[in-house]
Number of protein chains: 2
Amino acid sequence: MGIVVQKYGGSSVSDAEGVKRVAQRVVDAKREGHDVVVVVSAMGDSTDDLIALAQQISPVPAPRELDMLLTAGERISMALLAMAIGNLGQEARSFTGSQAGVITDGTHGKAKIIDVTPGRIERALEIGAVAIVAGFQGVSQDSKDITTLGRGGSDTTAVALAAALNADVCEIYSDVDGVFTADPRIVPSARKRDRLSYEEMLEMAACGAKILHLRCVEYARRYQIPIHVRSSFSQKTGTWITDQEVEVDDMEQAIIAGVAHDRSEAKITVVGVPDKVGEAARIFEALSDAQVNLDMIVQNVSAAATNLTDISFTLPREDGQHAMTALSRVKDQVGYDSLLYDDKIGKVSLIGAGMRSHPGVTAKFFAALASAGVNIAMISTSEIRISVIVDEAKVDAAVTAAHTAFELDSTDVEAVVYGGTGR
Amino acid sequence: MGIVVQKYGGSSVSDAEGVKRVAQRVVDAKREGHDVVVVVSAMGDSTDDLIALAQQISPVPAPRELDMLLTAGERISMALLAMAIGNLGQEARSFTGSQAGVITDGTHGKAKIIDVTPGRIERALEIGAVAIVAGFQGVSQDSKDITTLGRGGSDTTAVALAAALNADVCEIYSDVDGVFTADPRIVPSARKRDRLSYEEMLEMAACGAKILHLRCVEYARRYQIPIHVRSSFSQKTGTWITDQEVEVDDMEQAIIAGVAHDRSEAKITVVGVPDKVGEAARIFEALSDAQVNLDMIVQNVSAAATNLTDISFTLPREDGQHAMTALSRVKDQVGYDSLLYDDKIGKVSLIGAGMRSHPGVTAKFFAALASAGVNIAMISTSEIRISVIVDEAKVDAAVTAAHTAFELDSTDVEAVVYGGTGR
C-alpha cells in the first residue's frame, strides 16, 4: 500500500487525551500497511494564547518574530504526538516545517509554499517510522527564516506534502464528519456529502464553508490529490473530494452540492461616481494600494439625467475601516458624493456542478428566498455558483429556504457539530 | 567596542513585564556601543509545564521528541524578547540553536557542544541588529536532529557563543546580585564576591553553588572568557570570574572564597568488603556500568582480625535506588556483608585559592564545626577545597560556623534573594 498523509486540527489534539486518541488512529493506519505521514496543528487554543502574549509585548510585533513565536505551537503538539505513538510501540519522528523541506517565499504571516523537498520524511518512512510534520510553517528560500503560511496553512502543508510524496490520499481530520449540504447549526436536516468535485469544494470554501481553506483545495486540484475530509472522533467515512465530475445519471448526486453562508463580510457603496472611463479604476486602484481584498462588485447603470453611478462591493469586515480611509483619501480625485458602510450583511451561496446542466436554478433560488421574506441586496454568479447578499438577520432563513427548495433535507438527522478547522 | 554576550535566565523573563525589562537592558547595552548577542532561557516555569505535559502522554518519552518539545520554550521567549526590543526601536533577530550554529553530539537531553559556527549571528551584528539566541539547544552533527544541552545548558550556550565570537565578556543575568560567600538564606551576613578565579568558581559549582553550572565555567576557563554574574533586577556590578589568581598582598581577597553546601547527595556504605586486590574495583565497575556518578569515596583501613573493610561513597540522591540495585546484583561476586543507605546527609565545602598559601585552614574549619556541635562523617579535599559530609540537619549550622570562623561575615547586610539560575 502507498503513502497516506493525515492532517489533524487543533481541536483533535487539544489535550493529552486527544493526542493519545490521534496516536491510536495513526498507529491503526500504519498497521493496516500504509506509510503514514501526519501533519499536526497547534493544540487547541494555544496559538491564540501565543498571540495574546505577543500583544502584551508589542502592539505591532515584528512579523519575522511573530512567525518564530507561533511555530512553537506545532513544535509542542508534534513532539507530544510522536511520544504518544512511540508509547504504542510504533517508531515516530517529528519534523519542523523546515526539516520537512517546506520551502516558502519570505512573506511572514502568510507565506506561500514554493517547493517541498521531503528527503528526511522519505528516509523516516524507509526505516518504517511514522513521520510527524508541523503544519502551518516553513522556511523561506532566500533568508532561511522561519515562516508561517497563514489561515488554512496546516491543510495546505498536508496537501503539499501529499503531492511531493505522491501519496494516495490526504486525510483532513477535524471535529466534524465531513462536508455538509449546509451548516447543521442552521439546518439540522443538513446531510453529509459523500463526495464533491474540487470545483464545488473551491466554491464552497470561497463562500464561507470553513471546513477546508481555499488554498488547500486549489493545491489539491492542481496536483490531483484526493482529499478525504473526516472526523477524528469517529470511524465513519467522511467526504471525498476528487476530480470526479457529477455524473448526470448518478441519482445520488443532486443538482446542488450545498448551501454555504458567510457572515464575515461588509459592504461599501461609493455613491455618485461620475460615469466616465477610468473613474472606477481609480477607486479600485486605491483599494488595491491599501491591500484590500474585494469579493463581489456591482455597478449600477448610471442615471441618464445625472450621469452618476453607484459602485458597491463587499470585503472582509476586518478590512472595512482601512478601505473607508483609503477611499476618503481619493474623494476629490474621483469626485464621488459619499460613502456608505454596512457590516450587517451576510452572503448565501448555492453551489453545484449540476446547475450547469439544469436551467432554472436561479429562478427557483430567488423564489425560495422571496417566499421566506428575504430581500436580495447584491447578486454574483459563476458557472457553478449563485451568491446573494442579504440582511445579516435573514441569513438563517435564506439558507434554510434554499436547502429545502433544492430537496437537500435529510430525513435521517444526525447530531453533528459543525465548526472551523482553525489553521 | 566589542561584542557582549548576555544570558538571561527564566526568572528574568517569566512574564511580559520581565521580557520588557530585559529588552530595555539589552537596548541600553547596544546604545553604549556594544555589539550585543543575547542568550535566553525559557520563560519562568514553562519547561516544567512542558515536561508535565510529556509525562501525561508517555511515562518514558522518546528522548529525541522530548528535546523537540522542550526547545519550544526558548523559541517563545526569544521571539517575545526580539519583539520587545523591536518595540524600543532597535532591530533584533532571534535564532534557534540550530540557526545560531550550535553543533552538538547526538546525546539527547544532555548533548555536548562540538562546534559553534555563528555565521548568521555575525551577519545580524554586521547590519546593526541585536542577535537573540535560544539557550539550552543545538542541532546534532550527524542526524541534524534538535538536541538539548541539559542542566546549565543556557549558560554554556552563552559562553560557547562568546568564545566563537571572540566576545569581550559573557554576562550571566539571574535574580541574584552575584556569587556570595555563602547562601544568604542560611547566612544573612554573606557577602557578594567582587571576583573569583575560574578554579574557585569551578569548585563552588561542583560543591552545590547553583548560580553557575560546572560545564559553563569549564568552557569559560578553557577559552578564557571573562564571566560577569549579575542581577537583571539591578544595575549593580556583580561577580567577575576570570583567570586572575588571588594575589597574596590583595587585602580585599580573603583566604576563603566562600562556603558552599549541597543537600542533593546520598551516602552508600558497602560493609565488610574482603580487603583483597580488585574487590573495590569490582564494586566501582558495577556502579560505572549502571552509569552512576560518584562524588566522594572513602575506604577505611581494614580491621586486622577480619581482613574486612568498609567502603563509603556519595552520589546524587536520584541515582540512589539505581546504585543499590546494581550493588545487590554483584553481592556474591564481591562477597561483602551488607549495604547501608543514608540520604539524610549534606555536604559543606570551604573553597579558596588562598588556602594554598595558608596552612591551618583545615584545623580551623574542623574546630569551627566542633564548636557548633557538628559531627563529620566523611572528608574530601583538593588543593583549594575542603568538603565534609555532615548530618543534613546540621548543614545550616556548619555553613554559618565556617563562614564566621573565616571572617566572611559582612557588617553591611543587604536583603538578597539567592536562587538557582534554572537552565
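Scoring rules and cut-offs
- Residues numbered from 1 in each chain as written.
- Chains lettered and ligands numbered in written order.
- Predicted model: local features only at pLDDT ≥ 70, side-chain atom pairs only at ≥ 80, totals over all residues.
- Contact = placed C-beta atoms within 7 Å.
- Helix = DSSP H or I, 4+ residues; strand = E, 2+ residues; numbered from the N terminus.
- Nonpolar A, V, L, I, M, F, W, Y, C, P; charged D, E, K, R; others polar.
- Pairing = 2+ DSSP bridges.
- Axes fitted to C-alpha atoms, helices over the stretch in contact; angles between N-to-C directions.
- Buried ≥ 20, exposed ≤ 12 C-beta atoms within 10 Å, placed from the backbone.
- Least-squares fit on C-alpha atoms with pLDDT ≥ 70 in both.
- Parallel < 35°, antiparallel > 145°, perpendicular 65-115°, else oblique.
- Left-handed = near helix turned anticlockwise from the far one by under 90°.
- Domains from an automatic or database assignment.
- pLDDT = per-residue confidence, 0-100.
- Core = buried A, V, L, I, M, F, W, Y, C linked by C-beta atoms within 7 Å.

**Some thoughts on the interface of chain A and chain B**
Listed as interface residues are 28 residues of chain A and, on the opposing side, 27 residues of chain B. Looking at the side of chain A that touches chain B, the elements with two or more residues in it are helix 1 (16–31), helix 2 (46–57), helix 3 (63–87) and strand 3 (92–95) of chain A. Ranked by residues supplied to the side of chain A that touches chain B, first place goes to helix 3 of chain A with 15 residues. For the side of chain A that touches chain B, the class distribution of residues is 17 nonpolar, six polar and five charged.

**Comments concerning the sheet that holds strand 20 (residues 385–391) of chain A**
Residues and elements named next belong to chain A. Across the sheet, which stays open at both edges, the four strands sit in the order 13-18-20-19 with antiparallel pairing between neighbours. For this open sheet the edge positions go to strand 13 (258–262) and strand 19 (378–382), each flanked by a neighbour on one side alone. Neighbour-to-neighbour, the strand axes of this sheet turn through a mean angle of 20°, independent of strand direction. Bridge analysis of strand 18 (residues 345–351) against strand 20 gives seven bridges, and the strand direction is antiparallel. When the sheet's bridge partners are listed, glycine 346 is paired in strand 20 with valine 390. Lying on the sheet, helix 6 (residues 198–206) is in contact with strand 13, strand 18, strand 19 and strand 20; it crosses strand 18 at an angle near 170°. Along the sheet, helix 12 (residues 395–405) makes contact with strand 13, strand 18 and strand 20, crossing strand 18 at roughly 10°.

**Considerations on unusual backbone geometry**
Positive phi outside glycine occurs at lysine 144 of chain A, with the angle close to 60°. Note that lysine 144 of chain A resides in the loop between strand 7 (137–140) and strand 8 (146–148). On the basis of neighbour counts, which here come to 12 C-beta atoms within 10 Å, the residue lysine 144 of chain A falls in the exposed class. Even without being glycine, glutamine 224 of chain B reaches a positive phi, approximately 55°. By the secondary structure assignment, glutamine 224 of chain B is in the loop between helix 7 (214–223) and strand 11 (227–231).

**Focus: the relation of the copies chain A and chain B**
Superposition record for chain A on chain B: RMSD 0.2 Å, screw rotation 180°, translation along axis 0.1 Å. Considering both components of the superposition, the chain copies are consistent with a two-fold axis. Across chain A, the smallest distance between a C-alpha and the rotation axis is recorded for alanine 72 of chain A, namely 2.5 Å. Residue by residue, 96% of the interface of chain A is reproduced at the interface of chain B, so both copies engage with the same surface.

**A word on the packing of helix 2 of chain A against helix 3 (residues 63–87) of chain B**
It is at 9 Å that the axes of helix 2 of chain A and helix 3 of chain B come closest, and there the two elements cross at 30°. The orientation of helix 2 of chain A relative to helix 3 of chain B falls into the category roughly parallel. In this structure, the crossing between helix 2 of chain A and helix 3 of chain B has a hand that is right-handed. Listed contacts from helix 3 of chain B to Leu50, Leu53, Ala54 and Ile57 of chain A of helix 2 of chain A are Ile76, Leu80, Met83, Ala84 and Asn87 of chain B. Of the residues assigned to the contact of helix 2 of chain A with helix 3 of chain B, the class counts are eight nonpolar, one polar and no charged.

**Some points on the sheet that holds strand 8 (residues 146–148) of chain B**
Within a sheet, adjacent strands bond to each other through the backbone by hydrogen bonds, running parallel or antiparallel. All names here are of chain B. Pairing within the open sheet is mixed, and its four strands lie in the order 5-4-7-8. Of all the strands in the sheet, the pair left with one neighbour each is strand 5 (113–116) and strand 8. Recorded for the sheet is a direction-independent mean angle of 45° between the axes of neighbouring strands. As judged from the two bridges shared by strand 4 (residues 102–104) and strand 7 (residues 137–140), these two strands associate in the parallel manner. Counterpart to isoleucine 103 in the pairing with strand 7 is valine 139. Where helix 3 meets the sheet, its contacts fall on strand 7 and strand 8, and the angle it forms with strand 8 comes to roughly 75°. Its contacts with the sheet place helix 5 (residues 153–164) against strand 4, strand 5 and strand 8, and it is angled at close to 40° to strand 5.

**A look at the environment of serine 371 of chain A**
Residues and elements named next belong to chain A. Looking at where serine 371 falls in the secondary structure, it is placed in helix 11 (residues 361–371). Classification of serine 371 as exposed rests on a count of 12 C-beta atoms within 10 Å. Along the sequence, serine 371 and aspartate 319 sit 52 residues apart, while their C-alpha atoms lie 34 Å from each other.

**Examining the domain arrangement of chain A**
Here chain A is described as being made up of domain 1 (3–175) and domain 2 (246–410). Taken over C-alpha atoms, the centre of domain 1 of chain A sits 36 Å from the centre of domain 2 of chain A.

**Points about the pairing of strand 11 (residues 227–231) of chain A**
Residue and element names in this part refer to chain A. One ladder, built from five bridges, connects strand 9 (residues 169–174) with strand 11; its direction is parallel. Counted as the bridge partner of glutamate 171 is histidine 228 from strand 11. Relative to strand 12 (residues 239–242), strand 11 runs antiparallel, the two being bridged by three bridges. Residue pairing in the sheet places isoleucine 227 in a bridge with isoleucine 241 of strand 12.

**So, the pairing of strand 18 (residues 345–351) of chain B**
Residues and elements named next belong to chain B. Counting buried residues in strand 18 gives seven out of seven residues, a clear majority hidden from the surface. Here strand 18 shows two buried faces, one formed by Ile345, Lys347, Ser349 and Ile351 and the other by Gly346, Val348 and Leu350. Strand direction decides the pairing type here: strand 13 (residues 258–262) and strand 18, joined by five bridges, are antiparallel. Looking across to strand 18, one finds that glycine 258 is bridged to isoleucine 351.

**Digging into the confidence of the model for chain A**
Residue-level pLDDT values for chain A average 90, and 94% of them are 70 or greater. As scored by the predictor, the complex reaches a pTM of 0.84 and an ipTM of 0.81.

**Some remarks on the nonpolar core**
In terms of nonpolar packing, the biggest core is built from 261 residues, with Leu81 and Leu161 of chain A together with Leu81 and Leu161 of chain B touching the most fellow members. Counting residues domain by domain, this core receives three or more from each of domain 1 (3–175) and domain 2 (246–410) of chain A.

**Thoughts on the packing of helix 8 (residues 279–289) of chain A against helix 9 (residues 320–329) of chain A**
Residue and element names in this part refer to chain A. Contact pair helix 8 / helix 9: the axes reach a minimum separation of 9 Å and the direction vectors enclose 130°. Looking at the two axes, helix 8 sits oblique to helix 9. Crossing geometry of helix 8 relative to helix 9 is assigned as right-handed. Packed against helix 8, whose contacting residues are Ile283, Ala286 and Leu287, the element helix 9 presents Ala323, Ala326, Leu327 and Arg329 at the interface. Its residues assigned to classes, the contact of helix 8 with helix 9 shows six nonpolar, no polar and one charged.

**Considerations on the environment of valine 169 of chain B**
Residue and element names in this part refer to chain B. Residue placement: valine 169 occurs in strand 9 (residues 169–174). Take valine 169: there are 17 C-beta atoms within 10 Å of it, and that puts it in the partly exposed class. A C-alpha to C-alpha distance of 20 Å links valine 169 and arginine 123, two positions 46 residues apart in sequence. If sequence neighbours within four positions are ignored, valine 169 has contacts with Val4, Pro226 and His228.

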